[in-house]
Amino acid sequence: MYGWRARIGLITPMGDNIEHAFHKYAPEGVSFASTKIPLPDPTFEQCRDAYLDTLEQVSCLYKETDIDLLLLGCTFGSHNRDIEWEQTCADRMEKASNIPSTTSNLTVLEAFNTLNVHKCAILTPYLDSENEKERKYWESNGISVTSISGMNVDAITRKGKTIYSDADEYFIYQNAKKVHLDDADAVYLDCIQLTTLEIIDGLEGFYQLPVITSQQAALWGAVRRCRVGAKLPQLGKLFTM
């Protein structure tokens, strides 16, 4: 039977495709039921209330189901907000569904704390302007960002739109090798759309440091909240804790 250990409701932006990675790498007995949510237009800041309302409506679809946890898989939107915004999202999801809820950025912060990370080098698919927002976001949450750099993922488009999930493992790995470690405790690869689960083990060997990615932390945080304690060392040190 699918989901005999845990059943997780996954809410992701329209066009995102992280379901494949989660189904492929999740511990045995963990299943996912996925629903999409449109990203605000024209900007997240202008439409944040509408985003919350839509998130609440989508969460309501899971009410009275046998789902154990709801997970919002979107890291980008919070860079203009703060960690309280993440908790607001989780609270609204839980209220609408009567199901315990969390978000990917909340799980990333939990991953930092679990690995005792205080100084982190960050790689993102974003432009410099967005990276500066992300630097301020994590530093406001007690993480010193020793370096932050972006990959030219905006050059990867489909039908005129940037598709972060189209960046393949080779592209990400080669960019990740260029990260300036300085005195970082860990390396963080941001954006839940990036294909990262396949390369974590190799990067930890290369860096000799823990590697945290948005995909990995979201999967780890979700299954741990469902009391699934399977250790998956191929997904990095975090999954051995």
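Notes on the structure in this doc start here. (Residues numbered from 1 in each chain as written. Predicted model: local features only at pLDDT ≥ 70, side-chain atom pairs only at ≥ 80, totals over all residues. Heavy atoms only, no water.)

### Observations concerning helix α8 (residues 214-225)
With 12 residues, α8 ought to run about 16 Å at 1.5 Å a step, and its terminal C-alpha atoms sit 16 Å apart, in line with that. Counting buried residues in α8 gives 10 out of 12 residues, a clear majority hidden from the surface. Turning to α8, its buried residues number three or more, namely Ser214, Gln215, Gln216, Ala217, Ala218, Leu219, Trp220, Gly221, Ala222 and Val223. Looking one or two residues past α8, Arg227 carries a phi angle of roughly 60°, positive in sign. (Helix = DSSP H or I, 4+ residues; strand = E, 2+ residues; numbered from the N terminus. Expected span 1.5 Å × (residues − 1). Buried < 20%, exposed > 50% of the residue type's maximum accessible area, 1.4 Å probe, protein only.)

### Quick word on the sheet that holds strand β9 (residues 186-189)
With parallel pairing, four strands are arranged side by side in an open sheet as β6-β5-β9-β10. Strands with a single pairing partner mark the edges of an open sheet, and in this sheet they are β6 (144-150) and β10 (211-213). Between one strand axis and the next, the sheet turns through 20° on average, direction left out of account. Relative to β10, β9 is paired through three bridges, and the arrangement is parallel. Looking across to β10, one finds that Tyr188 is bridged to Ile212. Against the sheet, helix α5 (residues 128-139) touches β5 (119-124), β6 and β9, its axis set at about 160° to β6. (Pairing = 2+ DSSP bridges. Axes fitted to C-alpha atoms, helices over the stretch in contact; angles between N-to-C directions. Contact = heavy atoms within 4.5 Å.)

### Thoughts on the side chain of Thr196
Counting through the fold element by element, Thr196 comes out in the loop between β9 and α7 (200-207). Overall, Thr196 belongs to the buried group, its relative accessible area being 1%. Polar side-chain contacts of Thr196 include one of 2.9 Å to the side chain of Thr213. Not counting chain neighbours up to four residues away, the residues in contact with Thr196 comprise Leu189, Thr213 and Gln215. (Polar contact = N/O pair within 3.5 Å; in protein donor to acceptor, adjacent residues only side chain to side chain.)

### Remarks on helix α6 (residues 169-176)
Buried within α6 we find Ile172, Asn175 and Ala176. The arc enclosing the buried residues of α6, seen along the axis, measures out at 100°, which places them on a common side. As for α6, its buried residues are in contact with β5, β9 and α7. With a side-chain oxygen lying 3.2 Å from the backbone nitrogen of Tyr170, the N-terminal cap of α6 falls on Asp168. (Arc of directions from axis to C-beta.)

### Some remarks on the environment of Thr103
Here Thr103 shows up in strand β4 (residues 101-103). A residue is classified by how much of its surface remains accessible, and Thr103, at 0% relative accessible area, is buried. When the C-alpha positions of Thr103 and Leu72 are compared, they lie 4.5 Å apart, and in sequence the two are 31 residues distant. Beyond its immediate chain neighbours, meaning those up to four positions away, Thr103 contacts Leu71, Leu72, Glu86, Cys89 and Ala90.

### Describing unusual backbone geometry
Residue Glu64 is not a glycine yet carries a positive backbone phi of 65°. Within the secondary structure, Glu64 sits in the loop between α2 (48-60) and β3 (69-72). Even without being a glycine, Asp182 presents a positive backbone phi close to 50°. Structurally, Asp182 can be placed in the loop between α6 and β9.

### Observations regarding the pairing of β6
Remember that side chains alternate between the two faces of the sheet whenever the strand is regular. Sheet topology places β5 next to β6; six bridges connect them, and they run parallel. Residue pairing for β6: Thr124 is matched across the bridge by Gly150. The handedness of the β5 to β6 crossover, carried by α5, is right-handed. (Right-handed = clockwise from strand over helix to strand, strands pointing away.)

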